[in-house]
Amino acid sequence: MERHVLEMRGISKSFPGVKALDGVSMAVRPGEVHAVCGENGAGKSTLMKVLSGVHPHGSYEGDILFEGEPCAFKDIRASEERGIVIIHQELALVPQLSIAENVFLGNERAGRGGIISWSTTLMETERLMKRVGLTDERPQTRVSELGVGKQQLVEIAKALAKRVKLLILDEPTAALNDEDSRKLLGLIAEFRDQGISCILISHKLNEIRQIADQVTILRDGRTIETLPVRPSPGAPPEVSEDRLIQGMVGRELDQYFPERTPYRGEQAGQVALSVVDWTVRHPADQQRRAVDSVSFEVRHGEILGIAGLMGAGRTELAMSLFGRSWGRYERGRVYLHGKEISTRTVSQAVGHGIAYVTEDRKTFGLNLIDNISRNISLAALPRVARRGLVDEHAERQVAERFRTSMNIKTPTVFEQTGRLSGGNQQKVVLSRWIYAEPEILILDEPTRGIDVGAKSEIYTVIDQLAAQGKAVVFISSELSELLGLCDRIATMAAGRLTGVLDRAEATQEALMRLMTRTQTGKDTTDDGTTGER
């Protein structure tokens, strides 16, 4: 009989009005990377919260066996004591504390008299940092000084400090660039070689094929199937992305990206938004220009993509244009239909018909403790108000219309927004700005952390908006979706615009070359040096 380090049998979990898990079963072998995939709302995160004790024993049905023994975890500390550690998509680090303080937070190394032994703490932190590849930092370095990729490594070091046997990673590469993702996946492979089992939740199917040994597919709270990714360790993957997609969504996505529907209205081909010489300094470093002399234009019915590596200045450009929400404005002009406008405040930007969908929906995009209905109407309250008061009946009707048209999976529009899956939260954000009827829609990483089914739905919505004559600026780290959706793609590097390619001439190689151009007109080579163009 095959030995398993973890078995979950018939796990069911309900919330008011929703059955999140319905008889889910899965098993993980020792030293295995076991992927869990499914659409947003399929039950992946809920299943991991059951396993880790976030949802305590007694609040769900079914059995959990770890190392052959039944488990009844009452909280997350109980699961950690057995060696089960979960790293959530939203990192649980304290920015103001050092790496060492974060690694041993709640798990302090005590010396004589119960007082923290800082010498032991620093020594063990340094050992763990070397193990995860944080060799350029010191244990005393503040977490706030680290990039997202290195913060993810601190979280893993924190897990290793708890003598982890089963490491659960929930979308660990969602906010990482390609290089940091590659390093993290390499680290997971090292853990596998050391006998540590890993459960990987990811929407990036190429990563699942690259690193996983087996994959369990969930759909609508049920186990659909468990597939071997490769026949033996180190062998090429045998399961295709199309096969995984079919299991996740219950159908084949023959046309992942919609066929572009051209806009044929009277404003077709006319420039809607023009930005000239836009320059913004970094708020914490006044000597650095985060956005440097950027000029571009987007036409009615056009989807203009913006590509760039992490730190290129894409989000800084978008936020500074939208009411100067980021940085210190230095110079630049914005024109709408050829007439100069002011976007000094968010209300001015919205008043001119400009909308911005932020990449950080949880912090800046939504009021998570309020319901769906209020979140959707928030940007256009006068449209559901009478004599200065919100008409709750009209507000509910609007929310119900978007719940249906955007396929927001929720039993009621009065559901708390924070309880929705990431994909459904993103649909709420998009619904809000679509209801506001903007002329210019700036989308910043609108599909980050979203499953393939929800992505396809959002691509269709974006195409429909462009077909109505809206001018869309689409920022993304995924070159494949820029190539599949956009009419033109602009590239940024070090705060500057480095090129614009039409759809017909754009390739991943051409975009990457422009994305790695320096301000001096040189290209960055593989070894980090530069060469003349």
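Residues numbered from 1 in each chain as written. Predicted model: local features only at pLDDT ≥ 70, side-chain atom pairs only at ≥ 80, totals over all residues. Heavy atoms only, no water.

Things to note about the state of the cysteines
Between two cysteines, a covalent bond joining their sulfur atoms is known as a disulfide. Here the structure, examined in full by the defined rule, presents 0 disulfides. The cysteine C37 is free of any disulfide, with C198 supplying the nearest cysteine sulfur at 17 Å. Note on C71: no disulfide assigned, nearest cysteine sulfur contributed by C198 at a separation of 18 Å. (Disulfide = S-S within 2.5 Å.)

Quick word on the nonpolar core
One finds L317 and F474 to be the most contacted residues of the largest nonpolar core, which totals 76 residues. Here this core spans two domains, and each of domain 3 (270-353 + 438-516) and domain 4 (366-435) adds at least three residues to it. By size, the runner-up hydrophobic cluster in this structure holds 49 residues, among which are V143, A157, L169 and V249. (Core = buried A, V, L, I, M, F, W, Y, C linked by side-chain atoms within 4.5 Å. Buried < 20%, exposed > 50% of the residue type's maximum accessible area, 1.4 Å probe, protein only. Domains from an automatic or database assignment.)

Quick look at the confidence of the model for the protein chain
This prediction gives the protein chain a mean pLDDT of 87; 95% of its residues lie at or above 70. Throughout residues 519-533 the model reports pLDDT below 50, and contacts reaching past four residues in sequence, or to other chains, amount to 26 contacts. (pLDDT = per-residue confidence, 0-100. Contact = heavy atoms within 4.5 Å.)

Some remarks on the environment of V429
Considering the arrangement of structural elements, one finds V429 in helix 14 (residues 422-435). Note on V429: relative accessible area 2%, which makes it buried. When the C-alpha atoms of V429 and V50 are compared, they prove to be 28 Å apart, with 379 residues separating the residues in sequence. Contacts of V429, omitting those with residues within four sequence positions, involve V357, R361, G365 and L366. (Helix = DSSP H or I, 4+ residues; strand = E, 2+ residues; numbered from the N terminus.)

Quick look at the domain arrangement of the protein chain
According to the domain assignment, the protein chain contains domain 1 (1-83 + 163-252), domain 2 (94-162), domain 3 (270-353 + 438-516) and domain 4 (366-435). Computed from C-alpha atoms alone, the centre-to-centre distance between domain 1 and domain 2 is 26 Å. Both faces combined, the contact of domain 1 with domain 2 buries some 1,100 Å², and carbon together with sulfur accounts for 60% of it. When the area that domain 1 buries against domain 2 is broken down by residue, the three leading residues are E80, R163 and L187, summing to 36%. For the pair domain 1 and domain 2, the number of links is 1 salt bridge. Between E80 and K162 there is a salt bridge whose closest N-O contact spans 3.1 Å. Scanning the region where domain 1 abuts domain 2 turns up 5 residue pairs in polar contact (both at pLDDT 80 or more). (Buried area = accessible area lost by both parts, 1.4 Å probe. Salt bridge = Lys/Arg side-chain N within 4 Å of Asp/Glu carboxyl O. Polar contact = N/O pair within 3.5 Å; in protein donor to acceptor, adjacent residues only side chain to side chain.)

Observations regarding the sheet that holds strand 3 (residues 33-37)
The strand order 6-7-8-3-9-10 describes an open sheet built from 6 strands, whose pairing is mixed. Only two strands of the sheet have a single neighbouring strand rather than two, namely strand 6 (84-87) and strand 10 (222-228). Recorded for the sheet is a direction-independent mean angle of 20° between the axes of neighbouring strands. In the packing of helix 8 (residues 241-249) onto the sheet, the strands contacted are strand 3, strand 9 (214-219) and strand 10, and the crossing angle to strand 9 comes to about 30°. (Pairing = 2+ DSSP bridges. Axes fitted to C-alpha atoms, helices over the stretch in contact; angles between N-to-C directions.)

Overview of the pairing of strand 6
Burial of the side chains of strand 6 extends over both faces: I84 and I86 are buried on one face and V85 and I87 on the other. Alignment of strand 6 against strand 7 (residues 166-170), held across 4 bridges, turns out to be parallel. Within the sheet, the bridge partner assigned to I87 lies in strand 7 and is L169.

Side note on the sheet that holds strand 21 (residues 488-493)
Read across the sheet, 6 strands follow the order 16-19-20-13-21-22 without closing on themselves; strand pairing throughout is mixed. The two strands at the open ends of the sheet, each matched to only one other strand, are strand 16 (354-357) and strand 22 (496-502). Strand-to-strand twist in this sheet, taken as the mean axis angle between neighbours without regard to direction, amounts to 20°. In this sheet, strand 21 lies alongside strand 13 (residues 303-308) in parallel orientation, the contact comprising 5 bridges. If you follow I306 over to strand 21, its bridge partner there is A490. On the sheet, helix 9 (residues 314-321) packs against strand 13, strand 16, strand 19 (440-444), strand 20 (471-475) and strand 21 and is oriented at approximately 130° with respect to strand 13.

A few points about the pattern of salt bridges
Within the structure shown, the criterion is met by 31 salt bridges. Notably, a salt bridge pairs R192 with D213, separated by 3.1 Å at the nearest N-O pair. Of the two residues, R192 sits in helix 6 (residues 178-193) while D213 sits in the loop between helix 7 (205-211) and strand 9, which places them 21 residues apart along the sequence. Residue D213 is classed as buried on the basis of its relative accessible area, which comes to 11%. Across the salt bridge formed by R289 and D292, the nearest N and O atoms sit 3.9 Å from each other. For R289, a relative accessible area of 30% corresponds to the partly exposed category. Overlapping salt bridges bring together D277, R281, R289, D292, E330, R331 and R496 as one network.

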